[in-house]
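For reference, the chains in residue letters:
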Amino acid sequence: MTGNVNIVAHFEPIINDGDYANGLLGEYYDESTFNNSSALRMKRIDGSVASNFGYNSPAEVIEPDTFAIRWTGYVKPSVSGYYTFKTYSDDGVIVTVDNTKVIDNWGYLSLALSISDTPIYLEKGKYYPITVEYQQLPLYAAVFLFWETDGVPMGLVPESNLFVEKAVYDEYITPKFYNLLSRTGVGFKNVFYSLNEDGDRDYDSEYVTLDNINYEWGQGAPGSID
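Residues numbered from 1 in each chain as written. Predicted model: local features only at pLDDT ≥ 70, side-chain atom pairs only at ≥ 80, totals over all residues. Heavy atoms only, no water.

A word on the pairing of strand β12 (residues 141-149)
Step number 1: Of all nine residues that make up β12, eight are buried, and the element is covered over most of its length.
Step number 2: The sheet contact formed by strand β6 (residues 81-90) and β12 spans seven bridges and is antiparallel. Looking across to β12, one finds that F85 is bridged to W147.
Step number 3: Looking at chain direction, β12 and strand β13 (residues 152-156) are connected through three bridges and run antiparallel. If you follow F146 over to β13, its bridge partner there is L156.
Step number 4: Connecting β12 to the antiparallel partner β13 that follows it, the hairpin turn spans two residues, and G151 within it adopts a positive phi of roughly 90 degrees. (Buried < 20%, exposed > 50% of the residue type's maximum accessible area, 1.4 Å probe, protein only. Helix = DSSP H or I, 4+ residues; strand = E, 2+ residues; numbered from the N terminus. Pairing = 2+ DSSP bridges.)

What about the packing of aromatic side chains?
Step number 1: Overall, the coordinates contain 14 aromatic pairs when judged by the stated rule.
Step number 2: Taken together, Y20, Y74, Y127 and F163 form an aromatic cluster joined through their ring pairs.
Step number 3: The ring of F34 carries the charged tip of R70 above its face, separated from the ring centre by 4.1 Å.
Step number 4: When the ring centre of Y172 is taken as origin, the NZ or CZ atom of K176, which lies over that ring, is 5.5 Å away. (Phe/Tyr/Trp six-rings, centres within 6.5 Å; stacked < 30°, edge-to-face > 60°. Lys NZ or Arg CZ within 6 Å of the ring centre and 35° of its normal.)

Side note on the pattern of salt bridges
Step number 1: Tallying each qualifying case throughout the model produces eight salt bridges.
Step number 2: Here K86 ties to E148 by a salt bridge, and the two come within 2.6 Å at their closest N and O atoms. Of this pair, K86 sits in strand β6 while E148 is found in strand β12, placing the two residues 62 residues apart along the sequence.
Step number 3: Judged by its relative accessible area of 25%, E148 falls in the partly exposed class.
Step number 4: Of the charged contacts, one joins E171 and K176 as a salt bridge, the two residues approaching to 3.4 Å between their closest N and O atoms.
Step number 5: On the basis of relative accessible area, E171 is assigned to the partly exposed category, the value being 38%.
Step number 6: Its relative accessible area of 33% is what places K176 among the partly exposed residues. (Salt bridge = Lys/Arg side-chain N within 4 Å of Asp/Glu carboxyl O.)

By themselves, these figures tell us nothing about what the structure is for.
Structure follows, in C-alpha cells:
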C-alpha cells in the first residue's frame, strides 16, 4: 500500500447540550458482521468516526483481521442545508441518517471514497439519528466520516456535532466488555455419546474431554463410552 492521504478536519468547541453529550456509542464485534450477538466484545463512547487502525485492532479483546463496529447517536448540524455524506474506508461501510440510508458500500474496499448519491436536508440545531456501520476484512483497517454543504466545506463530522443521550454517555464513557474469550487452553471441548437401540444419542452416556482431535482407540472407545 503506497501513497499519502490528506484529511482536513474543521473543529468547533465541544458543547454538552442538556440531555445530550458529545460523542457516539460504539459497539465492537469480533467478527466482520453483526449477525452473531455473542461476538459483541465492547461498548464505549467515541468522539467521532475517524479511525486509522492500520493492521491493528481497536482493542485487545478483538482480533485484528476481522471485526465490525456500529456507531449510533445523533448528528446536530450547525447550518441548515442539503448535506452530502462521504466515507473513506477500508473495508465496508453503511451510513444511515434520519432513517435514510445515504451510503451502502459493504464488502471488500481498499481505502475507497464512498459518496451519498442524494444529499439529505438537515435543519440547524435539530437532532437527527445517525448510524455508521463498518466492517473490517483482512489486512488494512480504516474508516472516516465526512460531510459538506453550502457554507460547510468537506471535512470530518466533528465531535461537536455528534451526540448521545446523557444516560448513554454516563453508562459507556468507561468501556464495558462482553462475551470475553479465554485464548488459552489445551484444545477443543469434545463430547462423546453412546447410541441407543434406535441409533439416537444416549445423553446419559455423555463423556467430555478437553483435547485436540487426535484419537486412536483401536477396538476400544473414549472414556466410559461402551
